[in-house]
Every structure is written in structure tokens, then in C-alpha cells.
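# Observations on the model geometry
Spelled out, the chains give:
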Amino acid sequence: MDYVLEEQAGFLLRQVNQRHTVIFAELMPDGLTPTQFSAMVKLYEIGPCSQNHLGRLTAMDAATIKGVISRLRERGFARTTPDETDKRRLLVTLTPEGEAAIETALPRAREITERTLAPLSPGERNTFLSLLKKLR
């Protein structure tokens, strides 16, 4: 048989993702999930935006971003308000508690990346990240 599971891209990516997920869970404060963290980082970066736009910016479908925003609202990290120009659209904004949480989380996120990429040399890290970007 020519097919070796342990040499397949999907299998290897899943193993690497599992390792990264463990590191993320160990270090990320407030029990933030990767999707919650991504949404909060983007809101912190760009400010208020529509839920739909936030989903596109963070590569989440409509149902996923809706659930993420709902959980962030429940935790007091985000709020939604009607858009003044289009009442059908909700704008999502970080609360002061959400801003404080993301400011605490960002240094941890850098450490998560560092630990995830620790087995690689600086040159390998650059190559790896460049190749991942080509694959998305």
C-alpha cells in the first residue's frame, strides 16, 4: 500500500493543531476560545463593526460568529447596538471589560505562538508561516 497516514498533510495538520490547541488552552486567560480571541483581537484592532463583517474578517461563517458574539456578550466582553445608518444591522463593540481582557490576552497570545513554533528555527518559522498562508 502506497498510502502512509502519518505522511499525509491532513493528518499532520491535525496533530499540529491539537498541540497548538493544548498550548492555547493552557495559556489563554479568562478561558477564551480561539474564535472568541480572534473576534476580540479584530474588534480591538478596528473598533466597532457589523457582526457579518467581523465574521468575514475572522474567517467565521454567520452561525459561528453569531454564537461567538453571543458568548462574548454573556461574559460582558462585547455589546451589540443597532447601526445608526441601517437598523437591520448590529454593530459589535468591545466593552471596557473586553478591552482589558484582550490587553491581558495579547502577551499570552505571543507566548502561545512562540511555544507552538518553538521546535523551528527562525528561518523555518518564516518559511512555515509563508507556506501556511499559501495554503489558505
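Residues numbered from 1 in each chain as written. Predicted model: local features only at pLDDT ≥ 70, side-chain atom pairs only at ≥ 80, totals over all residues. Heavy atoms only, no water.

### Side note on the layout of surface pockets
Just so we agree on the cut-off: Method remark: on a 1 Å grid restricted to protein atoms, a set of points is classed as a cavity if a 1.4 Å probe fits but cannot get out and as a pocket if it is open with protein on both sides within 12 Å along at least five of seven lines; lining residues have an atom within 4 Å of a point. Grid points are joined across faces, edges and corners, and a volume is the space filled by probe spheres set on the points. Numbering of helices and strands runs from the N terminus, with a helix taken as a DSSP run of H or I at least four residues long and a strand as a DSSP run of E at least two residues long. Basically, the charged four are Asp, Glu, Lys and Arg, the nonpolar ten are Ala, Val, Leu, Ile, Met, Phe, Trp, Tyr, Cys and Pro, and anything else, Gly included, counts as polar.
Space inside the largest pocket adds up to approximately 1300 Å³. Considering the residues around the largest pocket, the lining is formed by 28 residues, among which Asn17, His20, Ser38, Leu129 and Leu132 are closest to the centre. Elements with a contribution of two residues or more to the lining of the largest pocket: α1 (9–27), α2 (34–46), α5 (96–117) and α6 (122–135). Top element by residues in the lining of the largest pocket is α1. It accounts for 7 residues. Residue classes in the lining of the largest pocket are distributed as 17 nonpolar, 8 polar and 3 charged. Roughly 150 Å³ of internal volume is contained in the second largest pocket. The wall of the second largest pocket is formed by Ser50, Gln51, Asn52, Ala62, Ile65, Arg88, Arg89 and Leu90. Of all elements in the fold, only α3 (51–57) and α4 (62–74) reach the threshold of two or more residues within the lining of the second largest pocket.

### Examining the packing of α2 against α4
We apply this condition: Each axis is a line fitted through C-alpha atoms, and for a helix only the stretch in contact is used; angles between axes span 0 to 180 degrees, taken between their N-to-C directions. Any angle between 65 and 115 degrees counts as roughly perpendicular, while under 35 counts as roughly parallel, over 145 as roughly antiparallel, and the rest as oblique. Two residues form a contact once any of their heavy atoms are found within 4.5 Å.
The geometry of α2 relative to α4 is characterised by a closest axis approach of 10 Å and an angle of 80° between their N-to-C directions. Looking at the two axes, α2 sits roughly perpendicular to α4. For the pair formed by α2 and α4, the contact residues are Thr35, Gln36, Ala39 and Met40 on the first element and Ile65, Val68, Arg71 and Leu72 on the second. Class assignment for the residues of the contact of α2 with α4 results in 5 nonpolar, 2 polar and 1 charged.

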